[in-house]
Amino acid sequence: MKAFTQLTALVAPLDRANVDTDAIIPKQFLKSIRRAGFGPYLFDEWRYLDRGEPEMDCSNRPLNPDFVLNQPQYQGAQILLTRENFGCGSSREHAPWALEDYGFRAIIAPSFADIFFNNCFKNGVLPIVLSAELVESLFQEISAGYQLSIDLDAQTITTPSGRLIGFNVDENRRHRLLNGLDDIGLTLQQAEKIKAYETERAQRAPWLFKDA
Amino acid sequence: MAGKTLYDKLWDDHVVHREDDGSCLIYIDRQLLHEVTSPQAFDGLRMAGRQPWRVSRNLAVADHNVPTDHRDQGIADPVSRLQVETLDKNCAEFAITEFDMSDIRQGIVHVVGPEQGATLPGMTVVCGDSHTSTHGASAALAFGIGTSEVEHALATQCLVQKKAKNMLIKVNGQVGPGVTAKDIVLAIIGKIGTAGGTGYTIEFAGEAIRALSMEGRMTVCNMAIEAGARAGLVAVDDTTIDYYRGRPYAPQGDDWNMAVRYWQRLHSDSDAQFDKIVTLNAAEIKPQVTWGTSPEMVVAVDACVPDPEQEADPVKREGMQRALQYMGLQANQKITDIRVDRVFIGSCTNSRIEDLRQAAAVIEGHHKADSVKQVLIVPGSGLVKQQAEAEGLDKIFIAAGFEWREPGCSMCLAMNADRLEAGEHCASTSNRNFEGRQGYGGRTHLVSPAMAAAAAIAGHFVNVAELNPGASS
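Residues numbered from 1 in each chain as written. Chains lettered and ligands numbered in written order. Predicted model: local features only at pLDDT ≥ 70, side-chain atom pairs only at ≥ 80, totals over all residues. Heavy atoms only, no water.

What about the overall build of chain B?
Along chain B, the regular secondary structure elements total 16 helices and 19 strands. Against the globule reference of 23 Å for 473 residues, chain B gives a C-alpha radius of gyration of 21 Å, in line with a compact fold. Per-residue burial over chain B gives 67% buried out of 473 residues. Once local pairs closer than 6 in sequence are excluded, the contacts in chain B between residues at least 24 apart make up 76%. Of the roughly 15300 Å² of accessible surface on chain B, a fraction of 47% belongs to carbon and sulfur atoms. (Helix = DSSP H or I, 4+ residues; strand = E, 2+ residues; numbered from the N terminus. Rg over C-alpha atoms; globule rule 2.2 N^0.38 Å. Buried < 20%, exposed > 50% of the residue type's maximum accessible area, 1.4 Å probe, protein only. Contact = heavy atoms within 4.5 Å. Areas by Shrake-Rupley, 256 points an atom, 1.4 Å probe, with all protein chains shown as cover.)

Some remarks on the interface of chain A and chain B
Between chain A and chain B, the contact holds 64 residues from the first and 76 residues from the second. Roughly 5900 Å² is buried in total at the junction of chain A and chain B, and carbon and sulfur atoms are behind 54% of that figure. Counting the surface chain A buries against chain B, the share from its top three residues, K31(A), I33(A) and W207(A), is 14%. Our count for the chain A to chain B interface comes out at nine salt bridges. As a salt-bridge pair, R50(B) and D182(A) come within 3.2 Å of each other at their nearest N and O atoms. For the pair chain A and chain B, the number of links is 38 residue pairs in polar contact (both at pLDDT 80 or more). Within the residue set of the side of chain A that touches chain B, elements represented by two or more residues are α2 (44-47), α3 (94-102), α4 (114-121), α6 (171-179), α7 (183-188) and α8 (191-204) of chain A. Here the side of chain A that touches chain B takes nine residues from α8(A), the largest share from any one element. (Buried area = accessible area lost by both parts, 1.4 Å probe. Salt bridge = Lys/Arg side-chain N within 4 Å of Asp/Glu carboxyl O. Polar contact = N/O pair within 3.5 Å; in protein donor to acceptor, adjacent residues only side chain to side chain.)

Brief notes about the sheet that holds strand β8 (residues 158-161) of chain B
Strand-to-strand pairing in sheets goes through backbone hydrogen bonds, with the strands running parallel or antiparallel. Residue and element names in this part refer to chain B. Taking strand neighbours across the sheet as the criterion, the three strands line up as β1-β2-β8 in an open arrangement whose pairing is antiparallel. Both edges of this open sheet fall to β1 (15-18) and β8, since each of them pairs with a single strand only. Between one strand axis and the next, the sheet turns through 20 degrees on average, direction left out of account. As defined by bridge partners, strand β2 (residues 24-27) adjoins β8 across four bridges and the pair is classed as antiparallel. If you follow Y27 over to β8, its bridge partner there is C158. (Pairing = 2+ DSSP bridges. Axes fitted to C-alpha atoms, helices over the stretch in contact; angles between N-to-C directions.)

Points about the packing of helix α12 (residues 353-363) of chain B against helix α13 (residues 382-390) of chain B
Residue and element names in this part refer to chain B. For the pair α12 and α13, the least separation of the axes is 9 Å and the interaxial angle reads 40 degrees. Between α12 and α13, the crossing angle belongs to the class labelled oblique. Two packed elements cross with a definite hand, and for α12 against α13 that hand is right-handed. For the pair formed by α12 and α13, the contact residues are I353, L356 and R357 on the first element and V384, Q387 and A388 on the second. When its residues are assigned to classes, the contact of α12 with α13 shows four nonpolar, one polar and one charged. (Parallel < 35°, antiparallel > 145°, perpendicular 65-115°, else oblique. Left-handed = near helix turned anticlockwise from the far one by under 90°. Nonpolar A, V, L, I, M, F, W, Y, C, P; charged D, E, K, R; others polar.)

So, empty space enclosed by the protein
Residue and element names in this part refer to chain B. The final tally for this structure, using the stated rule, is four cavities of 30 Å³ or more. Here the largest cavity defines a volume of roughly 200 Å³. For the largest cavity, the lining is made up of 24 residues, of which H64, D129, H131, L413 and R437 are closest to its centre. Broken down by class, the residue content of the lining of the largest cavity amounts to eight nonpolar, 11 polar and five charged. (1 Å grid on protein atoms, 1.4 Å probe; cavity = no way out; pocket = protein on both sides within 12 Å on 5 of 7 lines; lining within 4 Å. Points joined across faces, edges and corners; volume = space filled by probe spheres on them.)

Structure, rendered in structure tokens:
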């Protein structure tokens, strides 16, 4: 997994609440058995005026000029600013895959759906929770070329005017993301504890261990 | 010291290791796999040269992409076909039990798990699917995960998790005629909102929940995720234990007796502390219909489409306006004036035998309205289909002009060929009314099986409580 340490990048504002993972990446693209290549289909139904299909070449598709990611001033944005309950609905990890493949490395919102929030950390994407008031203030400030600087180690965001905003990420998740650690490798370091648990559990619930 | 909630008990029983920051390594008793969210997980295992930690704890079934008709012809869409074949190949390579498309036990993963007794009370259950919350109906701690965690659970039989907070939702009293488990859970979501349960595990309790069958409890827990909660729970009682007796994967003999003794402690202690308690009065719940593009946009069938101008919060108001535009509806329009083009009865929310019985009871002796283009009845599994046919339900549906299909996820998310055309209104027993969910430009109204069936006959929404006073949950 890609590590996340510091990022200074352009911000794109997606001013909608309850953005669901069906909107982030529609189901027809979930038929892919690969992990990469979802970026061109990110927000497909909002971003394009035609109907997207898997493996479609997007370079000539008609763009929806009203959609924020199609506006010239937000090209190259790596930070997404949005509203409450971002990533609700389906558990599809294709949603953070699509966001990451498009180029987003951080998402700022007042709240996230739990499964999506969790999935982001597995893919080097940092979801940042700020109060609704702070998020609103950032929406107010956004203008052409608006950049934020994010420092995960210090857990701070710096605005163009020099305002410092603190945020909070669980110690365990922060450590893993800062170092780009392999979760499975770390868990397997606890293999003896897992085996000891299984032995003890098999005493309490033997019916679960009959076929092993 | 205060007593424990059901969630506390399930959590404590599965902690392998606790980190200083409170995150825990949690043991996973059962992983269910399907074709959409597993291929990249198996690739990850192969790339790292890893094997499943305990292969027997995994059970796979293809459901999202499978066709619901002409099964003998296989899957026409080559991209869908490759995904299903990839699951077959991965299961063969890693020696994981799979119910393939020709197996009578094949069906929607969240119908198959309980039906087989593969998901049991007291288990931790995961699946790369948000509706894994369904299995909480049997007091299993069950939640949806992403593909990275599917790989993690395969490789280690564990997941790193932080404990959620405890919420109790009590539905007191008894529901009225025509009001089902689906109406109860839609009313709950309407009350607490789609983010109301975020960060919580919800335990559903109260007389109206206790009165539900296991199928009804599964419908309620299934949609816990639509209220933002990864997991929903219902305590064990005789209904739970009776349901699991004799299921193929359930314990037998002395093991059964021992398991039942263990399961009987799976309820919240009387002095348990919850972080949040929400109470509803069942008698006040009417049949529900969603009007918008989020499950919280829901009203009673005898109400009108809400007016965004009455909403004070500007973000919410804009969301409502956008939803009305997408749905092609007017503020203050009567719900019963909304005409339906298609009807879908199925999905992991409402495709079990009881759901089909409810639908059949409403329509027996009637025919679908001419204006309704299609009514799909998609049973949750091959065994549900078999049972329904044994009861003659298929004949009632076919006589009504409905289509009797093979099991799968079907038009709940339209990954297979079953889908809405742009602009069509659908009375659907599924769980999500998001934009484009059932097909590009499709307009979904979430309802109970009885309400969907009644809409198919009338051609528009009707109050089943008035139509058929005898029908109840």
